[in-house]
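Residue-level structural notes
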Amino acid sequence: MNNFFDVNSIFYRTLYKVYQIVVLNVLFILASIPLVTIGATTTALYVVSFKIHSGTLEGGLPRAFFRAFKANFRKATLIWAGVMTVLALILFAWPLLAAAIHAFAPLFYVFILIVTVLMLSLTYIFPLLARFENSIKQTIKNAYIMSLANIAYSIIALVINFVVMVVVPIYLSQLLFLWIFTAFAFAAFANSFILNHVFQKYIEKEEKEEKK
């Protein structure tokens, strides 16, 4: 029984991870209330998720979150503004797009392809910002390249986001209370395993090139 509650036991570590996910999720929601801060809060969410995953989180979770929020605010907010602009343009042009698709059906598949590529790239943008120091332009470029070069991992990450953000609240409403307190942080934490594996390949490749 003593081993059951030992700090090194699987039970304790699992319980502590759940606690971290709940705290991280609450911080994300509260800091995202202004809406304009969602880019920065998403980046901070991934910064902390990567640290939890690697076991390098130090100085307390709230402190790490707001430090990352402050450090990435400018870049993340500009990227978020760009994402919202693209979304607004799509919504604004939708009547024209719908009419064009109705007139020429194959355009529907082109539209779906473009939206899919955008969604896959978006899955990488803020995690890349959280993991690497790059310009906004380079971050977006890397997100596009990595998402397509690692399509299997990208699809898995996208499916995780879709299931957590759409399927659970709509089709599993009995889990709504749990969803409110864990959804965003759980999705980021789950994706951190996948994306960290992708990023590690590029880090190792860069290290090998530097040694040459």
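Refer to the structure printed above.
A short tour of the structure in this document, coming up. The model shown is predicted, which means the values in this text are computed figures rather than measured ones.

Helix and strand counts for the protein stand at eight helices and zero strands. When the helices and strands of the protein are placed in sequence order, the string is α-α-α-α-α-α-α-α. Reported as C-alpha extents along the three principal axes, the dimensions of the protein are approximately 70 × 55 × 30 Å. Looking at the protein as a whole, 35% of its 212 residues are labelled buried. Long-range contacts, defined here as pairs at least 24 residues apart, represent 70% of the contacts in the protein between residues at least 6 apart. For the protein, the exposed surface amounts to about 13200 Å²; the carbon and sulfur share of it is 72%. The positive charge centre, built from 16 side chains, and the negative charge centre, built from 8, are 6 Å apart in the protein.

The topology assignment puts Thr-139 in helix H6 (residues 136-149). On the basis of relative accessibility, which here comes to 2%, the residue Thr-139 falls in the buried class. Here Thr-139 is in contact with Ile-125, Leu-128, Leu-129 and Asn-134, once residues within four sequence places are set aside.

Now for helix H3 (residues 61-71). Listing the buried residues of H3 in full gives Leu-61, Ala-64, Phe-65, Ala-68 and Phe-69. Seen from one end, H3 has its buried residues packed into an arc of 135°, which puts them on one side. What points out from H3, more than 90 degrees from its buried face, is the exposed set Arg-63, Lys-70 and Ala-71. Packed against the buried residues of H3 are helix H1 (10-32), helix H2 (38-54) and helix H4 (73-103).

The rules we used
- Residues numbered from 1 in each chain as written.
- Predicted model: local features only at pLDDT ≥ 70, side-chain atom pairs only at ≥ 80, totals over all residues.
- Heavy atoms only, no water.
- Helix = DSSP H or I, 4+ residues; strand = E, 2+ residues; numbered from the N terminus.
- Buried < 20%, exposed > 50% of the residue type's maximum accessible area, 1.4 Å probe, protein only.
- Contact = heavy atoms within 4.5 Å.
- Areas by Shrake-Rupley, 256 points an atom, 1.4 Å probe, with all protein chains shown as cover.
- Lys, Arg positive; Asp, Glu negative; His and termini not counted.
- Charge placed at Lys NZ, Arg CZ, Asp CG, Glu CD.
- Arc of directions from axis to C-beta.

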